[in-house]
Amino acid sequence: TRNMATGASNAELAVVLVDARKGLLPQTRRHTYICSLLGIRQVVLAVNKMDLVDCDEAVYREISEAYRALAQTLGIASVACLPVIAPGGDNVGARSARMPWYRGPSLLELLEAADAAPTRAADFRMPVQWVNRPDQSFRGYAGTICGGRVARGDEVVVQPGVQRARIERIVTADGELDSAGDGQAVTLCLDREIDVSR
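Residues numbered from 1 in each chain as written. Predicted model: local features only at pLDDT ≥ 70, side-chain atom pairs only at ≥ 80, totals over all residues. Heavy atoms only, no water.

Colleague: Describe the overall build of the protein chain, with residues and values.
Modeller: A tally of regular secondary structure across the protein chain gives four helices and eleven strands. C-alpha atoms of the protein chain, sized along the principal axes, occupy 60 × 30 × 30 Å. Residue burial in the protein chain is summarised as follows: out of 198 residues, 44% are buried. In the protein chain, the share of contacts with a sequence separation of at least 24, taken over all contacts with a separation of at least 6, comes to 62%. When the accessible surface of the protein chain is totalled, it reaches about 10700 Å², and 50% of it is carbon and sulfur. (Helix = DSSP H or I, 4+ residues; strand = E, 2+ residues; numbered from the N terminus. Buried < 20%, exposed > 50% of the residue type's maximum accessible area, 1.4 Å probe, protein only. Contact = heavy atoms within 4.5 Å. Areas by Shrake-Rupley, 256 points an atom, 1.4 Å probe, with all protein chains shown as cover.)

Now the structure itself:
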């Protein structure tokens, strides 16, 4: 989950892979929640291993409908669903003859047609990639800002939960900054010690 959050912090679109035999698992819900939290508003749901459920359209439809309902509750605006059989490349690079009932685009076509323009929220977001503790006098939270801006003195909320603190310092390899924004790699120091991890 931590690696997924770090990777998603720089993405505009997520491909969520679901095993057709198992449907939506807690991990699927968790990853979708993280996508929503990070401002990703485009998701492609790839229902994989369709060959192991006899390419049953009803199984695909049930999973797709449940996922669309989940995405709607999380504010994800765009969801494209498709059935795939990854080892055979069915609906991955080309459309599948084994699932003639699916008439939509392949995964590659969906990715090529996706809107790559940033859709990030204006609110400040930064996944912590590393907790920097070189000695007892310094504790910083390093990461790349994936949305909005932050300045010294700003109050931030640490997720999960509602722990609050203020930004005391913004440290970079080139020195300290008064403020930083989307795409900048920074280390943030807070005005008090709270439990922050990757």
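Colleague: Summarise helix H2 (residues 26-37); cite the residues concerned and give the values.
Modeller: With twelve residues, H2 extends 16 Å between its outermost C-alpha atoms, agreeing within 8% with the 16 Å of an ideal straight helix rising 1.5 Å per residue. Tucked into the core, H2 has its buried residues touching helix H1 (2-8), strand S1 (13-19) and helix H3 (57-73). Remark: Gly39 follows H2 within two positions and exhibits a positive phi of approximately 90 degrees. (Expected span 1.5 Å × (residues − 1).)

Colleague: Residues and numbers for the packing of aromatic side chains, please.
Modeller: Throughout the structure, instances matching the rule amount to two aromatic pairs. Pairing Tyr60 with Trp101 gives two aromatic rings, centres 5.4 Å apart and planes at 40 degrees, and the pair type is tilted. Of this pair, Tyr60 sits in helix H3 while Trp101 sits in the loop between strand S3 (78-83) and helix H4 (107-113), placing them 41 residues apart in sequence. Relative accessible area serves as the criterion here: at 17%, Trp101 is assigned to the buried category. Both rings, one in Tyr60 and one in Tyr102, keep their centres 6.3 Å apart while their planes meet at 80 degrees; by these two values the pair is edge-to-face. Within this pair, whereas Tyr60 is found in helix H3, its partner Tyr102 is found in the loop between S3 and H4, the two being separated by 42 residues in sequence. Each of the two residues, Tyr60 as well as Tyr102, counts as buried. (Phe/Tyr/Trp six-rings, centres within 6.5 Å; stacked < 30°, edge-to-face > 60°.)

Colleague: Tell me about H3, and name the residues and values.
Modeller: Counted at 1.5 Å a residue, the expected span for H3 with its 17 residues is 24 Å, and the 25 Å between its end C-alpha atoms agrees. Within H3, burial applies to Tyr60, Ile63, Ser64, Tyr67, Leu70 and Ala71. One side of H3 holds all its buried residues, which, seen down the axis, span an arc of 125 degrees. In H3, the exposed residues that point more than 90 degrees away from the buried face are Glu62, Glu65, Gln72 and Thr73. Taken together, the buried residues of H3 touch S1, H2, strand S2 (42-48) and S3. The opening residue of H3, the one whose side-chain oxygen lies 2.8 Å from the backbone nitrogen of Ala58, is Asp56. (Arc of directions from axis to C-beta. Polar contact = N/O pair within 3.5 Å; in protein donor to acceptor, adjacent residues only side chain to side chain.)

Colleague: Mind laying out the nonpolar core, listing which residues take part and the relevant values?
Modeller: Formed by 38 residues in total, the largest nonpolar core has its most connected members in Leu45, Val47, Met50, Tyr60, Tyr67 and Leu82. Sorting the residues of this core by element identifies H1, S1, H2, S2, H3, S3 and H4 as the ones contributing at least two each. When sequence neighbours within four positions are dropped, the list of residues in contact with Val47 reads Val18, Ala20, Tyr60, Ile63, Ser64, Leu82, Pro83 and Val84. In this structure, Ile145, Ala165, Ile170 and Leu188 belong to the second largest nonpolar core, which totals 16 residues. (Core = buried A, V, L, I, M, F, W, Y, C linked by side-chain atoms within 4.5 Å.)

Colleague: How would you summarise the environment of Lys49 if you had to cite specific residues and measurements?
Modeller: If you trace the backbone, Lys49 turns up in the loop between S2 and H3. Separated by 36 residues in sequence, Lys49 and Ile85 place their C-alpha atoms 5.1 Å apart. Look past the residues within four positions of Lys49 in its chain and what remains in contact with it is Asp19, Ala20, Arg21 and Val84.

Colleague: How would you explain the pairing of strand S5 (residues 138-144) if you had to name every residue and give the values?
Modeller: S5 sits mainly inside the fold: six of its seven residues count as buried. Counting the residues in the hairpin turn of strand S4 (residues 130-135) and S5 gives two residues. For S5 and strand S11 (residues 185-190), the ladder comprises four bridges, and the chain directions are antiparallel. Residue pairing across strands places Thr144 opposite Ala185, the latter belonging to S11. (Pairing = 2+ DSSP bridges.)

Colleague: Talk me through the layout of surface pockets; I want residue IDs and the actual numbers.
Modeller: Rolled over the atoms, a probe with the dimensions of a water molecule shows which regions are left empty. Approximately 940 Å³ is the volume found for the largest pocket. Taken together, 31 residues line the largest pocket, and the ones lying closest to its centre are Met126, Pro127, Val158, Gln159 and Pro160. Counting residues per element, the ones that place at least two in the lining of the largest pocket are H1, H2, strand S7 (155-158), strand S8 (163-172) and S11. Residues belonging to the lining of the largest pocket are distributed by class as follows: 19 nonpolar, five polar and seven charged. Of the voids in this model, the second largest pocket is the one considered here, and its volume is about 200 Å³. Taken together, 13 residues line the second largest pocket, and the ones lying closest to its centre are Ser137, Arg139, Glu168, Cys189 and Leu190. Elements supplying a minimum of two residues to the lining of the second largest pocket: S5, S8 and S11. Sorting elements by how many residues they give to the lining of the second largest pocket places S5 first, with three residues. The residue makeup of the lining of the second largest pocket, split by class, is four nonpolar, two polar and seven charged. (1 Å grid on protein atoms, 1.4 Å probe; cavity = no way out; pocket = protein on both sides within 12 Å on 5 of 7 lines; lining within 4 Å. Points joined across faces, edges and corners; volume = space filled by probe spheres on them. Nonpolar A, V, L, I, M, F, W, Y, C, P; charged D, E, K, R; others polar.)

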